Amino acid sequence: MNIAIIILTVVLVLNLIAPFAVYYAVGLAKRGDLNAHRQLQNGVFLVCVVGVLVLEGLIRFSGGSGSLVQNSSYSGTPVFRGLLVAHIIGALLTYLLWTCQVIASNRKFGKSLPGKFSSAHKLIGYLLFFGLSYTALTAALVYALIWL
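Residues numbered from 1 in each chain as written. Predicted model: local features only at pLDDT ≥ 70, side-chain atom pairs only at ≥ 80, totals over all residues. Heavy atoms only, no water.

Undergrad: Whenever I open this one, the overall build of the protein chain confuses me. Can you help?
TA: If you tally the helices and strands in the protein chain, you get 5 helices and 0 strands. When its helices and strands are written in sequence order, the protein chain yields α-α-α-α-α. A principal-axis box enclosing the C-alpha atoms of the protein chain has dimensions of 50 × 30 × 20 Å. The 148 residues of the protein chain split such that 35% are buried. Across the protein chain, the fraction of contacts at a sequence separation of at least 24, relative to all contacts at a separation of at least 6, is 72%. Taken as a whole, the protein chain presents about 8,900 Å² of accessible surface, with 73% of it coming from carbon and sulfur. (Helix = DSSP H or I, 4+ residues; strand = E, 2+ residues; numbered from the N terminus. Buried < 20%, exposed > 50% of the residue type's maximum accessible area, 1.4 Å probe, protein only. Contact = heavy atoms within 4.5 Å. Areas by Shrake-Rupley, 256 points an atom, 1.4 Å probe, with all protein chains shown as cover.)

Below is the structure:
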């Protein structure tokens, strides 16, 4: 098996697991286990960021995303390009917001979280869950079109 296929598959699996792991972590917070919530959220974030960075390295090293999809019958089609652009934009916005949330939450943990920052933290968390779910769905579609 080629390393590109392994990396693409691992990053897809990480994207598919992330919304469920984040949802589980929310349950930990609701039960009052804020330390476990924080640790799981930070862990999921770190693993996903490393996965995305490895994927980005693969894309750059192999000559761009076009080289990874060149064998697909959908390569170069408006449907594939549109889906890929929608995936990249959604993932980028989600990961930027997620980075801000992780940094702010870690700084405020024990000070104003829980506390006055909690309502903003919760709202951003819902947006992130939606963004991670969107990213997982579009990643699965892109992955499927690569192999069709």
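Undergrad: Explain the packing of aromatic side chains here, please?
TA: Each aromatic ring pair is summarised here by two numbers: the centre-to-centre distance and the angle between the ring planes. Applying the stated criterion across every chain yields a total of 4 aromatic pairs. For the pair F45 and W98, a centre-to-centre distance of 5.2 Å together with 75° between the ring planes defines the contact as edge-to-face. Here W98 lies in helix α4 (residues 78-108) and F45 lies in helix α2 (residues 34-61), a separation of 53 residues in the sequence. W98 matches F45 in its accessibility class, with the two residues each being buried. Between Y95 and W98 the ring centres are 5.4 Å apart and the planes differ by 70°, which places this aromatic pair in the edge-to-face class. Here the residue Y95 and the residue W98 both occupy positions in helix α4, the gap between them amounting to 3 residues, near one helical turn. Across the pair, exposure class does not vary: Y95 and W98 are buried alike. Of the aromatic side chains, those joined through ring pairs into one cluster are F45, Y95 and W98. (Phe/Tyr/Trp six-rings, centres within 6.5 Å; stacked < 30°, edge-to-face > 60°.)

Undergrad: Whenever I open this one, helix α1 (residues 3-30) confuses me. Can you help?
TA: Helical geometry note: an α-helix holds 3.6 residues per turn, so side chains three or four residues apart project in the same direction. Under the 1.5 Å per step criterion, the end-to-end length of α1 is 40 Å for 28 residues, consistent within 8% with the ideal 40 Å. A bend of about 30° at I17 is the largest found in α1, and the proline P19 appears one to four places after it. Capping the start of α1, N2 holds a side-chain oxygen 2.5 Å from the backbone nitrogen of A4, two or three residues further along. Looking one or two residues past α1, G32 carries a phi angle of roughly 90°, positive in sign. (Expected span 1.5 Å × (residues − 1). Bend = angle between axes of the 7 residues up to and from the residue. Polar contact = N/O pair within 3.5 Å; in protein donor to acceptor, adjacent residues only side chain to side chain.)

Undergrad: Is there a simple way to think about the nonpolar core in this case?
TA: Within soluble globular proteins, side chains that are nonpolar generally end up buried alongside one another. Counting 11 residues, the largest nonpolar core consists of A18, A21, V22, V44, F45, C48, Y95, W98, V102, L128 and L132. At the level of secondary structure, the elements contributing two or more residues to this core comprise α1, α2, α4 and α5 (118-147). Counting residues in hydrophobic clusters, the runner-up holds 8 residues, among them A4, I7, L55 and L68. (Core = buried A, V, L, I, M, F, W, Y, C linked by side-chain atoms within 4.5 Å.)

Undergrad: Where do I start with the environment of V102 in this structure?
TA: If you trace the backbone, V102 turns up in helix α4. Each C-alpha atom, one on V102 and one on R38, is 9.0 Å from the other, the two residues being 64 residues apart in sequence.

Undergrad: Even after reading the chapter, I still don't get a nonpolar patch on the surface, so can you show me in this structure?
TA: On the surface, V85, I89, L92, L93 and L96 cluster together into a nonpolar patch covering about 480 Å² of accessible area. The residue V85 is located in helix α4 in this model. Given a relative accessible area of 47%, V85 falls into the partly exposed group. (Patch = residues over 30% accessible without salt bridge, like charges linked within 9 Å, V, L, I, M, F, W, Y side chains within 5 Å. Salt bridge = Lys/Arg side-chain N within 4 Å of Asp/Glu carboxyl O.)

By themselves these figures say nothing about function.
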